[in-house]
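# Summary of structural features
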Amino acid sequence: MASTTNQYSPIFHVLCGAFLISFSGVFVKFAHVSPTASGFYRVAFGAIFLFIGVLIKREFKFPNLKQLLLVTFCGLTFALDLFFWHESIFFIGPGLATLIGNFQVFLLAAVGIIFLGETAKLRFLIAIPLAISGIFLIVGGNWESLTVHYKTGIYFALLTALCYTLFLLTLREIQKERGQSFFLLLMLVSLTTAIYLGLKMVYTGDSFTIPDTQSLLALLGLGLSSQTVGWILIATAMPKIPASLTGLALLLQPTLSFVWDVLIFNRPTDLTNWLGVLVTLIAIYMGITGKVAANKTDKELQSETTDL
């Protein structure tokens, strides 16, 4: 019984982490603050929660110069990721914004193929046009009929995927650093991201005011579930299960994000749109599992798979 529990525990942790992160867009919509402010409070509260974790685990060790530089750049890419994603949520809703944001799978694979000597399987090459077809089914297929407002949201979501890719690549380099607490590094990334977003708010005259209790609770939930617990559950469990199974489990996040968009915010969705969601999710999964890296062991590959 104990061995069975140990076997399935990492899978359960990834599923729980994906479930928690799926509410990110919901919290953003419930908070009556600007997109940049919601990103700022997500990482600011997250940094506080992670700092408490560092104190409890007594893992504070000042990072070296290389780690500080990586954390600084990682914070910048995550700040841009959150900015574009939160903007896109206000234009096209949390469901579609999250689905398109997960196109980072294809960008990460492209980096691996071009720069890291990886080779792509046929199913990965098929996944790319399949993903594009799925998005067209979701948005209605006729690009010209979409409003400027809607197109802007899609552009922001694509920029999210690009910045998310840079963030994950940098985070992977940070995770390779030995002798440093993962809690501490995540806390520093969150703190750095908050500084970047805070400076942007000061520059543009954005308000730091949290206007009501609902907004406060939503932002606290965003910081605790998405930035802290969800991250930790996924990051600590991923190296313990196969990459293909991780990819399948992580599809729970964009799937539920779209479901919450429909159920909570009454997103208009017909059978064609749902077919598009299914096609897009299948394509993302094929993208996750459809590439093989040359000269790397399975264990190394599994440890490099990561999420939002």
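In this report, we go over the structure that sits alongside the text. (Residues numbered from 1 in each chain as written. Predicted model: local features only at pLDDT ≥ 70, side-chain atom pairs only at ≥ 80, totals over all residues. Heavy atoms only, no water.)

### Re the overall build of the protein chain
Scanning the protein chain for helices and strands turns up 14 helices and two strands. Across the 308 residues in the protein chain, those meeting the buried criterion constitute 51%. Restricting to contacts in the protein chain with at least 6 residues of sequence separation, those with at least 24 account for 89%. Counting only carbon and sulfur atoms, one obtains 70% of the accessible surface of the protein chain, whose full area is about 14100 Å². (Helix = DSSP H or I, 4+ residues; strand = E, 2+ residues; numbered from the N terminus. Buried < 20%, exposed > 50% of the residue type's maximum accessible area, 1.4 Å probe, protein only. Contact = heavy atoms within 4.5 Å. Areas by Shrake-Rupley, 256 points an atom, 1.4 Å probe, with all protein chains shown as cover.)

### Quick notes on the side chain of Thr280
With respect to the helices and strands, Thr280 occurs in helix α13 (residues 271-289). Other than its neighbours up to four places away in sequence, Thr280 contacts Leu99, Phe103, Ala131, Gly134, Ile135 and Ile138.

### A short note on the environment of Val111
Within the element layout of this structure, Val111 appears in helix α6 (residues 104-115). C-alpha of Val111 to C-alpha of Thr165: the two residues are 54 residues apart in sequence and 9.2 Å apart in space. Setting aside residues no more than four positions away along its own chain, Val111 makes contact with Leu116 and Leu169.

### Focus on the environment of Ile284
Relative to the elements of secondary structure, Ile284 occurs in helix α13. Distance from Ile284 to Leu251, taken between C-alpha atoms, is 8.0 Å for residues 33 residues apart in sequence. Not counting residues within four places of it along the chain, the set of residues in contact with Ile284 comprises Leu99, Asn102, Phe103, Val105, Phe106 and Leu251.

### Details of helix α4 (residues 65-92)
Across its 28 residues, α4 extends 40 Å between first and last C-alpha, which sits within 8% of the 40 Å expected from 1.5 Å per residue. Directly after α4, the chain includes Gly93, whose backbone phi takes a positive value near 90°. (Expected span 1.5 Å × (residues − 1).)

### Some words on the nonpolar core
Side chains of nonpolar character tend, in soluble globular proteins, to be buried together. Core analysis: the largest hydrophobic core is formed by 76 residues, its most contacted members being Ile92, Leu96 and Phe167. Beyond its immediate sequence surroundings of up to four residues, Leu96 is in contact with Ile135, Ile138, Val139, Tyr150, Phe258, Asp261 and Arg267. (Core = buried A, V, L, I, M, F, W, Y, C linked by side-chain atoms within 4.5 Å.)

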